[in-house]
Amino acid sequence: MQMARELVEHGELFRVFLFRQISIRYAQTALGALWVVLQPTMFALIYSLVFGVFAAAPSEGKPYFLFSYCGTVAWTLFAQGIERAGTSFIQDERLVTKTWFPRLLLPFAAASSVLLDVLVAITLLFIALPFFGGFTGWSMLLAIPALLILLMLALGAGTLLAAINVRWRDIRQATPTLVQVLVWVTPVAYPLVMVPESMRSTALANPLAAPILLFRHAMIGTTPPPAWSLAWSAAVAVALLLWAIQVFRRVERTLADHI
Amino acid sequence: MTSAISVDSISKCYRIRQSARGKYGTDLADDLVNLFGSIVRGRIPRSSFHEFWALRDVSLEIRPGETVALLGPNGAGKSTLLKILSRVVRPTSGSATLKGRVGSLLEVGTGFHPDLTGRANVFLAGAILGLSRAEIRRRFDEIVDFAGVEAFVDTPVKRYSSGMYTRLAFSVAAHLEADILLVDEVLAVGDAQFQRKCLGRMDAVASEGRTVVFVSHNLAQVRSLCRRGIVFEKGRLSLDTGIDEAISGYLSSLGGSSPSCWIAPPDHAREAPMRFLRVGVAGGGVEELAVRGTDAPIDLEFDIEIDRRERSAQLAVRIVNDEGLPVLTTAPEDVGLDFCSAVGRRKLGVRIPAGLLAPGRYSCLCNLHIPGVVSFDLLDGVPAFEVQETRTTTRGDDHRKGVVAPRLDWNLE
Ligand SMILES: Nc1ncnc2c1ncn2[C@@H]1O[C@H](COP(=O)(O)OP(=O)(O)OP(=O)(O)O)[C@@H](O)[C@H]1O
Ligand SMILES: [Mg+2]
């Protein structure tokens, strides 16, 4: 309870952390905002080549590039989110060892900063959509719950990683590998129908699957995920986040000792 | 009156992990190797921790508006206490309660982010304190002005000199209306003028009824700022009194002293029937070389402890100039004073008249002895002091050349 109050009291600090993440990212790299759209575009191109051309995977009548671009954009929120949150204490070691503030703000702000990247990428998508069959209408708003679930999953997993990272630095190297593995078991680059019928519900048990499918549905009108899988994802996201906060509170005590 | 800071038997134990590769590290790989090794050897994994108590059972109360110095040798736990007070580190046991907003400046690397501009960092620091943007904006000009970095507010702080960095960091901490200001050895990198400014600012902060806790090895700064001194030794609180007593207590615990004020280390000349406890130049700082003008007398003081009266024991003081030449030797006996008339602590003083010594550096040789028989306690080199020319003359540098420089009575018939 006290924790919640302190978080609220430091609302301004959350804003500062968020803007700092963004301004450093955009000001320091020469390509800046361009990089943010370049990355999903490159991935989408490769996926289109491998799945769309080589494997001739079905994409429900949509251009395969658009199909995989949507998946990649939504995926970025999770992948970048846990990456940034996971390293947030190490990046801000000096702040953590020299000042006090509610520590949770750091991974939260780091993960949330990815939202801007996602927004930029979605803007690009909106520019392209009229040339590829137009917008989906009101169902577009379903993107919001989809991104929200992904963000919560990123916050939960990222906060856990952040806590573990401080204790064991070498975990840090494992994060990209983990993300790489996850991207292939999640229908990001390929449609769910490519998964054999018998394994489909197993694939949907992956809490990342449903929000990605929902996002794609919202953007270009592909088949939405079944309702149960969405409910499952949302439940896992909330539970993971609460558990991560719980674990984090225990680690928080000794954070500055170990870093 | 309620306390601003109340510390209740705090202890802090650091567990230093000694890994197989002989480094202090926390790699999962190391842990797994240890675990695996232990299992193979059929033992329960034993943690290879080395415990280190940085603070042990420290309790203190600080009232609002007090200025308190934490003193102690390196590694005594001063910074650890400040970190606990600012909540960066949690104590292993015990608790600390602080009333009000806490501004802290822990060591030179403060919580600034190197890639951000000075401006952005001021806002960051303010937000860390829990201030709103409007509150920070109200103070912004004052902060930048005090730090004297106007020209660089929009430069990333990584391009600042370390002095500028500290100036800004200090300025932020001192202006953001914290009720309690914790400052740890940060002024060392600023130039002399800025250090003075900072002390002035901390003084002002204190006189506004806010609490200042200050750690510094610069005893002159500590003395000018703080009223109360708390001395730490190996993690324990060893002394908590007025600042002057605390400083001399601290120096004597070090066993070290300064040229102008020597303080006996704990077991100095224990077996002798009498010994020096302290010798010094009156009014001289404990930490620096006392400087006196040629127009002022110089008072030397000697604290002596006498366990047993010794007939014909004498105190002799020889003043030696920086070329090693004895300028004069003096003793209480010269004027018929028997310093050894009673046991206990005795305080003696002698005045070197103004204008006697030529400008230059001097040190003394102090001897408690029975001439030609035995020396009970001999100090060589303390107290030391410097004499500077303060009387103006019209002639060149050499006109008063000599070992002594008294103004003698001339007459003309
Ligand atoms: N994170 C840490 N892990 C292990 N030991 C630590 C840690 N931080 C401090 N220590 C140890 O605690 C002891 C007290 O350190 P502290 O920094 O409080 O000393 P100090 O009184 O501030 O000294 P100084 O005058 O040098 O600044 C030291 O022996 C130090 O090695
Ligand atoms: Mg220190």
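Residues numbered from 1 in each chain as written. Chains lettered and ligands numbered in written order. Predicted model: local features only at pLDDT ≥ 70, side-chain atom pairs only at ≥ 80, totals over all residues. Heavy atoms only, no water.

(A) Inspection of a nonpolar patch on the surface at higher detail. Side chains of A:I46, A:L49, A:V50, A:V53 and A:F54 sit close together on the surface and give an oily, nonpolar patch of about 480 Å² of accessible area. Topologically, A:V50 is positioned in helix α3 (residues 33-54). (Patch = residues over 30% accessible without salt bridge, like charges linked within 9 Å, V, L, I, M, F, W, Y side chains within 5 Å. Areas by Shrake-Rupley, 256 points an atom, 1.4 Å probe, with all protein chains shown as cover. Salt bridge = Lys/Arg side-chain N within 4 Å of Asp/Glu carboxyl O. Helix = DSSP H or I, 4+ residues; strand = E, 2+ residues; numbered from the N terminus.)

(B) Inspection of the site of ligand 1 at higher detail. Around ligand 1 lies a shell of 15 residues, among which B:G75, B:K78, B:S79, B:T80 and B:H217 are the nearest. Bordering ligand 1 are residues originating from chains A and B. In the model, an oxygen atom of ligand 1 is placed 2.5 Å from a nitrogen or oxygen of the B:T80 side chain. Within the contact set of ligand 1, an oxygen atom lies 3.0 Å away from a side-chain nitrogen or oxygen of B:E185. Contact with the protein chains covers 69% of the free accessible surface of ligand 1, which is 640 Å². Where the shell around ligand 1 is concerned, the elements lending two or more residues are β1 (5-17), β2 (49-62) and α2 (78-85) of chain B. With three residues, α2(B) is the single largest residue contributor to the shell around ligand 1. Across the shell around ligand 1, the residue classes break down as six nonpolar, six polar and three charged. (Near = heavy atom within 4 Å. Polar contact = N/O pair within 3.5 Å; in protein donor to acceptor, adjacent residues only side chain to side chain. Nonpolar A, V, L, I, M, F, W, Y, C, P; charged D, E, K, R; others polar.)

(C) Broad picture of the sheet that holds strand β15 (residues 326-330) of chain B. Residue and element names in this part refer to chain B. Taking strand neighbours across the sheet as the criterion, the five strands line up as β12-β18-β17-β14-β15 in an open arrangement whose pairing is mixed. In the strand order of this sheet, the two ends are held by β12 (290-293) and β15, each with one partner. Adjacent strand axes in the sheet meet at a mean angle of 30° when their direction is disregarded. Pairing analysis gives ten bridges linking strand β17 (residues 360-370) to strand β18 (residues 374-388), with the strands arranged antiparallel. Following the sheet pairing, H369 is matched in β18 by S375. (Pairing = 2+ DSSP bridges. Axes fitted to C-alpha atoms, helices over the stretch in contact; angles between N-to-C directions.)

(D) Broad picture of the confidence of the model for chain B. Residues and elements named next belong to chain B. Chain-level statistics for chain B give a pLDDT mean of 83 and a share of 85% at 70 or above. Per-residue pLDDT stays below 50 along residues 20-25; that stretch engages in eight contacts with residues further than four places along the chain or on separate chains. Of the two predicted TM-score estimates for the complex, the pTM is 0.72 and the ipTM is 0.79. (pLDDT = per-residue confidence, 0-100. Contact = heavy atoms within 4.5 Å.)

(E) Seen up close, the packing of aromatic side chains. All names here are of chain A. Here the structure, examined in full by the defined rule, presents 17 aromatic pairs over all chains. Here the aromatic rings of F17 and F101 are separated by 5.4 Å at their centres, their planes lie at 65°, and the arrangement is edge-to-face. In this pair, F17 is assigned in helix α2 (residues 11-28) and F101 in the loop between α6 (93-98) and α7 (105-112), connecting sequence segments 84 residues apart. With respect to class, F17 is no different from F101; both count as buried. Here W75 and F78 contribute two aromatic rings whose centre-to-centre distance is 5.5 Å and whose plane-to-plane angle is 50°, an arrangement assigned as tilted. (Phe/Tyr/Trp six-rings, centres within 6.5 Å; stacked < 30°, edge-to-face > 60°. Buried < 20%, exposed > 50% of the residue type's maximum accessible area, 1.4 Å probe, protein only.)

(F) Looking closely at the pairing of β17(B). Residues and elements named next belong to chain B. Counted residue by residue, β17 has eight buried out of eleven residues, so it is predominantly covered. Across eight bridges, the pairing between strand β14 (residues 314-321) and β17 is antiparallel. Opposite R318, over in β17, you have L365 as the bridge partner. Remark: three residues form the turn of the hairpin made by β17 and β18, two consecutive strands paired antiparallel; G372 in that turn has positive phi of roughly 75°.

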